[in-house]
Amino acid sequence: MQILTAYTTEIDNVDLAVEQIVQQLDLSHRLASNAVGILSCYSEFIDTGVVQALCACMPFDIIGATTLASAVPGLADHLALTLTVITGEDIRCSTGRIDSVDRHNPGPIAHNYRLAAAQHEEKPTLALVIMPIDRVSGWNQALDVLDTCSGGVTLFGMVAADHTSTHLDARVISCGEAYVDSMAFALFSGNIETAYHLACVPTENIRQEQAIVTAAEGSLLKEINDIPALQHLQLRGLLRDNPLEGIKAIPFIVDYNDGTPPVARTLIDFTSEGYAVCGGSIPVNATLSIASLDYDDVLKTATQAALRVLKHPRARGVLLFSCVSRNMALGFDSLAELESINEAFLGHRLPFHMCYSGGEFCPVRAPCGRSLNRFHNDAIIACVFSEREDAKGG
Amino acid sequence: MSTPKEQALAAELDALRLENKRLARKASMMQSIIDRSRASAAAKSSLSASIMAEKSRQERFMALLLENCPEIMLLFDWSRRFAYCTRSFLTRMRLRSFGLIYGRTYHDVFAHFADDDWIARFDAAYHAVVTTKEIQCISEDADMGLSGNVRTYSIHLAPMLDNTGQVEGVLALFHDQTDVTRAKEAAIDANNAKSDLFEAISRKIYRPVLAVDDCCGRLADTALTPEQADSVAGIRGAVETLLPLVTKVIDFSQLDAGKLTLEADYFDLVAALSSLRDRYALRFRRKGIAFTCSFAPTLPAVAFGDRERILRILVSLLDNALQHTQAGHVTLRAAPQGSGEIVIAVEDTGSGIREEDIPFLFLPYEQLSAAAVSSSSFGEGLGLPVAYLLCQLMGGTIDVHSAFGKGSVFTVRLPLPAGPATESAAQALPTLAAPDARVLVVDDIDANLLVADSMLGSFAVTCQSAHSGAQALEMLAKEAFDLVLMDCAMPDMDGMEATQRLRQSPGPNSGVPVIALHADAQAERRSILLACGFNDVLSKPIDRAAMVECLLRWLPPEKVRQEPS
């Protein structure tokens with residue numbers, strides 16, 4: 001298995017952009033029988049036709065998303081397109097797309113998953129998922145449907161984002177086309193092993209005062225300590241005149257109280273009833289704490305994640321997704337996290353692809369040892385690809 | 001067709017447009033970064049404000065807590081100096097402000113109201129807290145304000161650990177338990193007073209009832225008409241009901257107050273157990289219940305213990321079996337077990353006891369509730385608690401195994417060392433006569449005088465009687481007596497005062513043997529009576545054997561004619 005990376009910052013000259021990518025990939029020497037591409041880019045790359053042209057000239061499927069900024073070895077930029085190709089003789093790859101992800105209609109998700117999974121002789125090791133931005137936050141429901149119909153296949157992925165604060169231009173890319181409300185995914189099986197790392201808010205940044213989620217429905221946080229969420233947050237002095245001003249930059253730590261590590265949640269919006277729309281599900285009776293994440297915390301956790309990745313003895317490459325709210329904490333030094341990852345991997349010749357996401361899918365370990373698929377906010381997640389130890393390289 | 005110059009201009013224009021586009025793109029990106037940074041700054045500001053507000057609210061409430069907490073809470077730093085305290089401590093110490101003690105060691109501050117020993121004990125507890133990192137509790141009295149108001153405190157010292165587990169200081173919580181302690185003591189005193197009153201009243205009832213019983217006995221020995229015999233039987237039946245009840249109440253009161261002292265001696269164990277057989281055989285037969293006694297052949301003939309109290313225990317068990325068994329059998333078994341232990345079991349085929357009721361069976365206070373007192377079965381329920389307490393006092397145990405509806409087995413285990421056969425108390429009473437002896441009996445109750453006269457008369461002793469201590473002194477001043485039997489509890493001048501005055505008088509009887517007649521002739525009471533001038537003590541009701549022993553011991557030998565039994 002090989003992981004190839006390439007990038008371009010040429011947005012306007014389509015031919016030049018494609019040529020740069022092709023030259024870097026050197027597919028004639030490095031492409032194996034099976035491959036899939038993962039792409040992240042500044043949204044205008046879609047508008048100028050670069051994405052379409054690039055996907056058209058590649059002999060394999062490409063999925064991806066718009067992003068705030070991305071990085072591969074030697075590059076960290078807002079206005080870039082980065083492409084990573086996972087290729088190998090003894091791995092199987094397939095892609096799929098689901099139109100109009102509707103949390104109330106799980107049928108298409110299950111159908112399209114099964115179609116893609118049918119191309120594999122064995123149960124896929126990994127489902128790499130790219131979700132569309134959803135202001136009503138149906139990600140968790142889609143996650144649950146995928147989790148169920150896949151039989152618990154590990155889900156790793158991101159939610160599309162863009163450079164704006166409202167992410168109005170965020171799109172999912174699948175085989176050259178960009179979609180506002182489609183989900184794209186890639187399944188992997190065969191001689192492929194994956195390991196996952198997750199870093200979020202440092203424990204010491206989580207305030208001790210906890211509140212109880214007393215009413216919630218999926219990602220809708222209705223009541224905290226028996227009063228509407230908005231009112232509770234106002235009582236705590238967290239919301240000024242504009243309820244949304246800055247609230248997205250405050251991580252809320254949700255402890256499911258089931259022995260699994262707490263997850264971070266971002267508040268996205270408030271309903272007219274004073275309920276908070278969160279970037280992921282919040283179960284009733286979970287405990288809620290406020291945390292803080294500043295510039296140093298972002299770099300510290302990113303570096304920790306990178307160092308854990310580097311400890312893998314047989315790593316062939318790594319995919320990293322970091323939450324846009326972490327980027328907010330960097331202030332004007334917006335590329336600092338990407339640059340720190342670049343620096344950490346410098347000299348290790350480890351191919352990597354990192355971009356910013358509007359939400360992260362990464363499994364966590366339950367107390368019994370079982371892997372649980374979970375959606376995160378405010379996190380940096382990493383998927384390390386390697387070959388199985390008992391298999392020969394390909 | 002455009003000219004080369006136009007083409008060049010067009011190309012330059014395209015390049016400029018492209019450059020413009022790129023600059024606009026970068027400007028847009030910068031604007032996004034600015035927007036995100038502003039949002040992030042706003043978030044930080046909100047969070048800081050929230051944290052400050054929460055902190056200040058917590059600090060305010062913490063200050064309110066410390067100001068208003070009724071308990072004394074002291075915080076010491078690692079060097080034993082005052083770091084903080086609640087206002088209640090300052091109030092007790094009559095200090096205007098915390099500043100006066102801030103930074104001072106507790107040795108300095110406590111020295112104001114405590115001595116070195118008190119401080120040393122506190123020191124020891126403090127040291128234990130610091131070394132073990134565990135809570136220590138001590139109880140101390142202190143008059144912090146030096147106002148004469150000594151309070152009793154339960155002091156809890158707890159370590160204050162930092163996040164590395166190191167002791168950063170110690171918290172001392174002083175809980176004023178004075179009122180609780182005083183209330184408890186008052187309750188105990190009230191309970192003891194109640195028990196004493198209960199006992200006193202019971203004793204007041206006991207002697208007259210004994211006298212009635214004795215008189216009935218003597219009356220029954222005379223020729224009576226059938227109606228008179230019937231009446232006497234009725235009176236004796238009532239006495240038989242009343243006496244055990246009064247005895248149990250007296251026993252219980254003494255046991256409850258810890259005043260009951262065992263009177264252990266060698267006694268005929270088999271004879272004692274056999275007396276129970278004699279006593280209960282008819283009663284069980286009347287009820288149609290088979291009653292058997294089984295004594296192991298290895299049961300020692302003589303044992304060392306308090307015979308009367310042991311019998312009282314077994315009487316309670318047999319009464320209980322008699323009451324609760326309607327058919328079947330009751331068995332009394334006795335056998336030795338191990339070294340010096342006797343096991344006596346009473347087994348019945350009665351109604352049995354529910355398992356959940358067994359723990360309450362021997363509880364004494366369950367029987368003294370108002371409801372229990374008012375019930376028709378009051379007093380019968382005192383038997384088991386008294387038996388239990390007596391067993392405990394003797395160092396033994398009593399337990400029960402029962403199946404509801406089927407029956408019960410009560411097992412008593414008592415440490416009763418076997419005695420040599422020669423020590424048996426079942427010795428034949430000697431017959432004596434002392435017609436020349438002059439005995440004065442002093443008692444305020446006529447019935448008791450009659451009983452004494454009757455008993456002494458059986459020894460051919462002529463006795464005179466006095467109804468009060470004063471009357472006795474008058475008589476003793478006028479004529480000589482060989483022996484005085486003096487009741488202790490008499491109105492106006494009691495027996496103790498009369499005896500003391502007799503000893504101080506110059507008359508002919510200042511040294512006459514005076515025997516105290518007392519219903520409670522226990523060891524402590526005996527020594528007090530002897531100290532008052534009595535020569536000996538006889539327990540009421542007077543046992544014939546005890547009377548014989550007394551007469552043999554205290555009458556002039558030349559006036560006593562003893563004949564072998």
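Residues numbered from 1 in each chain as written. Chains lettered and ligands numbered in written order. Predicted model: local features only at pLDDT ≥ 70, side-chain atom pairs only at ≥ 80, totals over all residues. Heavy atoms only, no water.

Caption draft 1: How the structure looks around the overall build of chain A. The helix and strand inventory of chain A stands at ten helices and 26 strands. Expressed as a percentage of its 394 residues, the buried residues of chain A come to 60%. Long-range contacts, defined as pairs at least 24 residues apart, comprise 80% of the intrachain contacts of chain A with a sequence gap of at least 6. Carbon and sulfur atoms provide 48% of the accessible area of chain A, an area that totals close to 14700 Å². (Helix = DSSP H or I, 4+ residues; strand = E, 2+ residues; numbered from the N terminus. Buried < 20%, exposed > 50% of the residue type's maximum accessible area, 1.4 Å probe, protein only. Contact = heavy atoms within 4.5 Å. Areas by Shrake-Rupley, 256 points an atom, 1.4 Å probe, with all protein chains shown as cover.)

Caption draft 2: Region of interest: the sheet that holds strand β25 (residues 371–376) of chain A. Residue and element names in this part refer to chain A. Spatial strand order, β7-β12-β8-β9-β24-β25: six strands in an open sheet with mixed pairing. Bordering the open sheet on either side are β7 (91–98) and β25, each of which pairs with just one other strand. Direction aside, neighbouring strands of the sheet carry axes that sit 25° apart on average. Sheet topology places β7 next to strand β12 (residues 183–190); eight bridges connect them, and they run antiparallel. Bridging across to β12, I98 finds its partner in M183. Where helix α5 (residues 107–117) meets the sheet, it contacts β7 and β12, and its direction lies at approximately 35° from that of β12. (Pairing = 2+ DSSP bridges. Axes fitted to C-alpha atoms, helices over the stretch in contact; angles between N-to-C directions.)

Caption draft 3: Spotlight on the pattern of salt bridges. For the structure shown, the criterion picks out 30 salt bridges over all chains. Note that R17 of chain B is salt-bridged to D14 of chain B, the shortest N-O span being 3.7 Å. With R17 of chain B and D14 of chain B both in helix α1 (residues 4–68) and three residues apart, the pair spans about one turn of that helix. Overall, the relative accessible area of 47% leaves D14 of chain B in the partly exposed class. Between R333 of chain B and E347 of chain B there is a salt bridge; the shortest N-O distance is 2.9 Å. Pair noted here: R333 of chain B is in strand β9 (residues 329–337) and E347 of chain B is in strand β10 (residues 341–348), with a separation of 14 residues, a long-range link. The class for R333 of chain B is partly exposed, based on a relative accessible area of 33%. On the basis of relative accessible area, E347 of chain B is assigned to the partly exposed category, the value being 24%. A cluster of three or more residues bridged by salt bridges with shared partners is formed by E10, D12 and E44 of chain A together with K21, R22 and R25 of chain B. (Salt bridge = Lys/Arg side-chain N within 4 Å of Asp/Glu carboxyl O.)

Caption draft 4: Structural view of the pairing of strand β17 (residues 514–518) of chain B. All names here are of chain B. Taking burial as the measure, the five residues of β17 include five buried ones, the bulk of the element. Burial of the side chains of β17 extends over both faces: V514, A516 and H518 are buried on one face and I515 and L517 on the other. In this sheet, β17 lies alongside strand β16 (residues 483–487) in parallel orientation, the contact comprising four bridges. When the sheet's bridge partners are listed, M486 is paired in β17 with A516. With helix α13 (residues 495–504) bridging β16 and the parallel β17, this β-α-β connection has right-handed handedness. (Right-handed = clockwise from strand over helix to strand, strands pointing away.)

Caption draft 5: Here's a closer look at helix α7 (residues 269–286) of chain B. Residue and element names in this part refer to chain B. End to end, α7 covers 27 Å across 18 residues, agreeing with the expected 26 Å (1.5 Å per residue, within 8%). Residue D268 occupies the N-cap position of α7, its side-chain oxygen lying 3.3 Å from the main-chain nitrogen of V270. With its phi angle positive at about 75°, G288 sits one or two positions after the end of α7. (Expected span 1.5 Å × (residues − 1). Polar contact = N/O pair within 3.5 Å; in protein donor to acceptor, adjacent residues only side chain to side chain.)

Caption draft 6: Representation of a nonpolar patch on the surface. Residue and element names in this part refer to chain B. Nonpolar side chains collect at one region of the surface, where L197, I201, I205 and L242 lie side by side and expose about 330 Å² of accessible area between them. In terms of residue count, the dominant contributor to the nonpolar patch is helix α5 (residues 178–220) (three residues). For L197, the location among the structural elements is in helix α5. (Patch = residues over 30% accessible without salt bridge, like charges linked within 9 Å, V, L, I, M, F, W, Y side chains within 5 Å.)

Caption draft 7: Broad picture of the sheet that holds β16 of chain B. Residue and element names in this part refer to chain B. Pairing is parallel in the open sheet, where five strands are placed in the order β15-β14-β16-β17-β18. Of all strands in the sheet, those bounded by a partner on one side alone are β15 (462–466) and β18 (536–539). Taking the axes of each pair of neighbouring strands and ignoring which way they run, one obtains an average angle of 25° across the sheet. Here four bridges tie strand β14 (residues 438–442) to β16, and the two strands are oriented parallel to one another.

Caption draft 8: Inspection of the interface of chain B and chain A at higher detail. Each side of the interface is counted separately: chain B has 26 residues, and chain A has 31 residues. Both faces combined, the contact of chain B with chain A buries some 2500 Å², and carbon together with sulfur accounts for 57% of it. Looking only at chain B, the three residues that lose the most surface to chain A are R25, M29 and R36 of chain B, adding up to 27% of its buried area. Scanning the region where chain B abuts chain A turns up five salt bridges. Across the salt bridge formed by D12 of chain A and K21 of chain B, the nearest N and O atoms sit 3.2 Å from each other. Counting across the chain B and chain A interface gives ten residue pairs in polar contact (both at pLDDT 80 or more). For the side of chain B that touches chain A, a count of residues per class yields ten nonpolar, eight polar and eight charged. (Buried area = accessible area lost by both parts, 1.4 Å probe. Nonpolar A, V, L, I, M, F, W, Y, C, P; charged D, E, K, R; others polar.)

Caption draft 9: Geometry of empty space enclosed by the protein. Residues and elements named next belong to chain A. Taken as a whole and judged by the stated rule, the model has two cavities of 30 Å³ or more. In this structure, the second largest cavity is lined by A211, I224, H232, L233, R236, F252, L288, S289 and I290. For the lining of the second largest cavity, the secondary-structure elements that each account for two or more residues are α7 (229–235) and β21 (287–291). Considering every element that reaches the lining of the second largest cavity, the biggest residue donor is β21, with three residues. Counted by class, the lining of the second largest cavity contains six nonpolar, two polar and one charged residues. (1 Å grid on protein atoms, 1.4 Å probe; cavity = no way out; pocket = protein on both sides within 12 Å on 5 of 7 lines; lining within 4 Å. Points joined across faces, edges and corners; volume = space filled by probe spheres on them.)

Caption draft 10: Quick peek at the side chain of S37 of chain B. For S37 of chain B, the location among the structural elements is in helix α1. Apart from residues no more than four positions distant in its own chain, S37 of chain B is found in contact with G331 and F332 of chain A.

Caption draft 11: Region of the structure containing helix α10 (residues 336–345) of chain A. All names here are of chain A. Counting buried residues in α10 gives eight out of ten residues, a clear majority hidden from the surface. Of all the positions in α10, only A336, E337, L338, S340, I341, N342, A344 and F345 are classed as buried. Downstream of α10 by a residue or two, G347 has a phi angle that is positive, lying close to 90°.

Caption draft 12: Inspection of the pairing of strand β3 (residues 61–66) of chain A at higher detail. Residue and element names in this part refer to chain A. Counting buried residues along β3, five of its six residues qualify, which places the element largely inside the surrounding structure. In this sheet, β3 lies alongside strand β2 (residues 34–41) in parallel orientation, the contact comprising six bridges. Among the inter-strand pairings, S40 is bridged to a residue of β3, identified as A65.

Caption draft 13: View of the packing of aromatic side chains. Residue and element names in this part refer to chain B. According to the stated counting rule, one finds 31 aromatic pairs over all chains in the structure shown. When the centroid spacing of 4.9 Å and the interplanar angle of 85° are considered together, the rings of F110 and F122 count as edge-to-face. With F110 in helix α3 (residues 106–110) and F122 in helix α4 (residues 116–132), this pair connects stretches of sequence that are twelve residues apart. Of the two residues examined, F110 and F122, each falls in the buried class. Here the aromatic rings of F122 and F174 are separated by 6.3 Å at their centres, their planes lie at 25°, and the arrangement is stacked. Remark: F174 occurs in strand β5 (residues 167–176) and F122 occurs in helix α4; sequence separation between them is 52 residues. (Phe/Tyr/Trp six-rings, centres within 6.5 Å; stacked < 30°, edge-to-face > 60°.)

Caption draft 14: Geometry of the confidence of the model for chain A. Mean pLDDT over chain A works out to 87, with 92% of the residues at or above the 70 mark. Confidence scores differ between elements of chain A, with helix α6 (residues 139–149) of chain A showing the lowest mean pLDDT of 74 and β3 of chain A the highest of 96. (pLDDT = per-residue confidence, 0-100.)

Caption draft 15: Examining the confidence of the model for chain B more closely. Residue and element names in this part refer to chain B. Summarising the model, chain B shows a mean pLDDT of 84, and 92% of its residues fall at 70 or more. Confidence scores differ between elements of chain B, with helix α9 (residues 370–374) showing the lowest mean pLDDT of 46 and α4 the highest of 95. With pLDDT under 50 throughout, residues 367–378 is counted as low confidence; its partners more than four residues away or in other chains account for 14 contacts. Model confidence for the complex is summarised by a pTM of 0.56, with the ipTM given as 0.79.

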